[in-house]
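Structure assessment
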Amino acid sequence: MLALESVSMNFGGVAALSDVTLAVAEGETLGLVGPNGAGKTTLFNLISGVFPPSSGRIAFAGRPLGRAANWKRARQGIGRTFQIPQPLHELTVRENLTVAQRFGAGKRDEARLDEILELLDLADKQHVDAAHGLALTEQKALEVGKALAVEPRLLMLDEVLGGLETSAKRAFGGTLMTVKERFGLTMIVIEHDIETIRTLCPRAVVLNFGRIIADGTPEAVFRDPEVVRSYTGDAAA
Ligand SMILES: Nc1ncnc2c1ncn2[C@@H]1O[C@H](COP(=O)(O)OP(=O)(O)OP(=O)(O)O)[C@@H](O)[C@H]1O
Ligand SMILES: [Mg+2]
């Protein structure tokens, strides 16, 4: 469903991603992990079309994405959340979803929005001011809701579980799996918490300094000495 071939991204002198080749199959839930600054968010930005790669190719559903704008990619079925929740100010929760749906799916479908609000436990909050009236979990749920309003086939989640307490994390992780089943999604999940990756993802890819250093089951990759070193900061060892 998604294929990256030798993708690199440089920001000035910083190589945020170097020669990344990665295939994600339809229906997969892939965990994307790695230390701060490893290039995880940059990967999402390249796939969703925030900026083009310095080199390499990205194909979605068998077709090269080329330089297609981010809204075109949304309409092809690529949805994502942002690491820092970005609700539209002055708008309610439901209005935020409406705008995301207009932009990403190019239509209005109130029944789908009702279902999204229900699944994400936001129905009671739908008329609340999104910028000021939500608890942290609800802000995260809204971020996921906006991505779902786009009607994605691929959903990319950037630390939506970050900062939540263990019990909230478990509950929200369960919600994400329900959402995945309901909408038949392929998911890529960026997450620092190893336990969460183990629970949600049959496969994990580890980035370090912009390169893939491991790809396999969570059990295998988190035992990999190079991965352990990358997390303890002893990258040169
Ligand atoms: N728009 C940008 N302009 C310049 N440099 C950038 C930009 N985005 C990312 N970088 C740099 O690219 C590298 C990778 O950053 P990225 O945000 O992808 O890491 P990350 O793995 O998501 O980290 P974190 O876990 O902290 O979110 C970092 O060195 C970062 O400073
Ligand atoms: Mg990031």
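1. Points about the overall build of the protein
- Within the protein, the regular secondary structure consists of nine helices and 10 strands.
- By the compact-globule yardstick of 18 Å for 237 residues, the protein fits well, its C-alpha radius of gyration being 17 Å.
- Projected onto its principal axes, the C-alpha positions of the protein cover 55 × 40 × 30 Å.
- Looking at the protein residue by residue over its 237 residues, the buried ones come to 41%.
- Put simply, 66% of the contacts in the protein that link residues at least 6 apart link residues at least 24 apart.

2. Remarks on the nonpolar core
- Counting residues in each nonpolar core, the largest one holds 61 residues, and the members touching the most others are L32, I47, L157, V189 and V206.
- Here the element with the most residues in this core is helix α5 (residues 136-149); it accounts for six residues.
- Aside from chain neighbours lying at most four places away, what touches L32 is K40, L43, I188, V189, I190, V205 and L207.

3. Describing the packing of α5 against helix α6 (residues 166-183)
- Remark: α5 packs on α6, axes separated minimally by 12 Å, with the N-to-C direction vectors making an angle of 15 degrees. The angle between α5 and α6 falls in the class roughly parallel. Crossing of α5 over α6 shows right-handed handedness. Contacts between α5 and α6 pair T137, K140 and L148 from the former with A168, F172, V179 and F183 from the latter.
- For the contact of α5 with α6, a count of residues per class yields five nonpolar, one polar and one charged.

4. Things to note about the site of ligand 1
- Around ligand 1, a shell composed of F11, V14, A16, G34, N36, G37, A38, G39, K40, T41, T42 and Q83 is seen.
- Only β2 (14-24) and α1 (40-48) provide two or more residues apiece to the shell around ligand 1.
- Counting residues per element, the shell around ligand 1 draws most heavily on α1, at three residues.

5. What about the sheet that holds β2?
- Read from one edge of the open sheet, four strands run β2-β1-β4-β5, paired in antiparallel fashion. The sheet terminates laterally at β2 and β5 (63-64), the two strands that pair on one side only.
- Pairing of strand β4 (residues 55-60) with β5, which is carried by two bridges, proceeds in the antiparallel orientation. By the bridge assignment, F60 is partnered in β5 with R63.

6. Considerations on the sheet that holds strand β8 (residues 186-190)
- Overall, mixed pairing links the six strands, which are arranged β6-β7-β8-β3-β9-β10 in an open sheet. In this open sheet, the two strands that pair with only one neighbour each are β6 (78-80) and β10 (211-216). Within this sheet the neighbouring strands show an average axis-to-axis angle of 20 degrees, counted without direction.
- In this sheet, strand β9 (residues 203-208) lies alongside strand β3 (residues 29-33) in parallel orientation, the contact comprising four bridges. When the sheet's bridge partners are listed, L30 is paired in β9 with R203.

7. Some points on the pairing of β9
- Counting buried positions over the six residues of β9 gives five, a clear majority of the element.
- In the sheet, β9 pairs with β10 via five bridges, with the strands oriented antiparallel. Bridging from a neighbouring strand, V205 pairs with D215 of β10.
- Hairpin connection from β9 to β10: two residues lie between these consecutive antiparallel strands, with F209 at a positive phi of about 45 degrees.

8. Quick look at the pairing of β8
- By the criterion of burial, β8 is predominantly enclosed, with five of the five residues buried.
- Looking at chain direction, β3 and β8 are connected through four bridges and run parallel. Opposite T29, over in β8, you have M187 as the bridge partner.
- Bridge count between strand β7 (residues 154-158) and β8: five bridges; the pairing is parallel. In the sheet register, L157 faces β8, and the bridge partner there is V189.

Criteria and cut-off values
- Chains are numbered independently. Their residues run from 1 in the order of the written sequence.
- Both sets of labels track the order of writing: A upward for chains, 1 upward for ligands.
- Given that this is a predicted model, residues contribute local features only at a pLDDT of at least 70 and side-chain atom pairs are listed and counted only at 80 or more, while totals for whole chains, interfaces and linings are drawn from all residues.
- Going along the chain from the N terminus, every DSSP run of H or I of four or more residues is numbered as a helix, and every run of E of two or more is numbered as a strand.
- In this description the radius of gyration comes from C-alpha coordinates, and the expected globular size is given by 2.2 Å times residues to the power 0.38.
- Counting other C-beta atoms within 10 Å of a residue's C-beta gives its exposure: the residue is buried at 20 or more, exposed at 12 or fewer, and partly exposed in between, where C-beta atoms are placed from the backbone.
- Residue pairs qualify as contacts under a 7 Å threshold applied to their C-beta atoms, which are placed from the backbone.
- Here, a nonpolar core means buried Ala, Val, Leu, Ile, Met, Phe, Trp, Tyr and Cys residues linked by C-beta atoms lying within 7 Å of one another.
- As a rule, the C-alpha atoms of each element are fitted with a line to give its axis, helices using only the stretch in contact, and angles between N-to-C directions run from 0 to 180 degrees.
- Here the angle decides the label: under 35 degrees means roughly parallel, over 145 means roughly antiparallel, 65 to 115 means roughly perpendicular, and every other value means oblique.
- For any pair of crossing helices, the crossing counts as left-handed if the nearer helix is rotated counterclockwise from the farther one by less than a right angle, and right-handed if it is rotated clockwise.
- By the convention adopted, Pro, Cys, Tyr, Trp, Phe, Met, Ile, Leu, Val and Ala count as nonpolar, Lys, Arg, Asp and Glu as charged, and the other residues, Gly among them, as polar.
- Nearness rests on one distance test: the residue's C-beta atom, set from the backbone, must lie within 6 Å of the molecule or strand.
- Being paired, for any two strands, means DSSP has found at least two bridges between them.

Read these as geometric descriptors, not functional statements.
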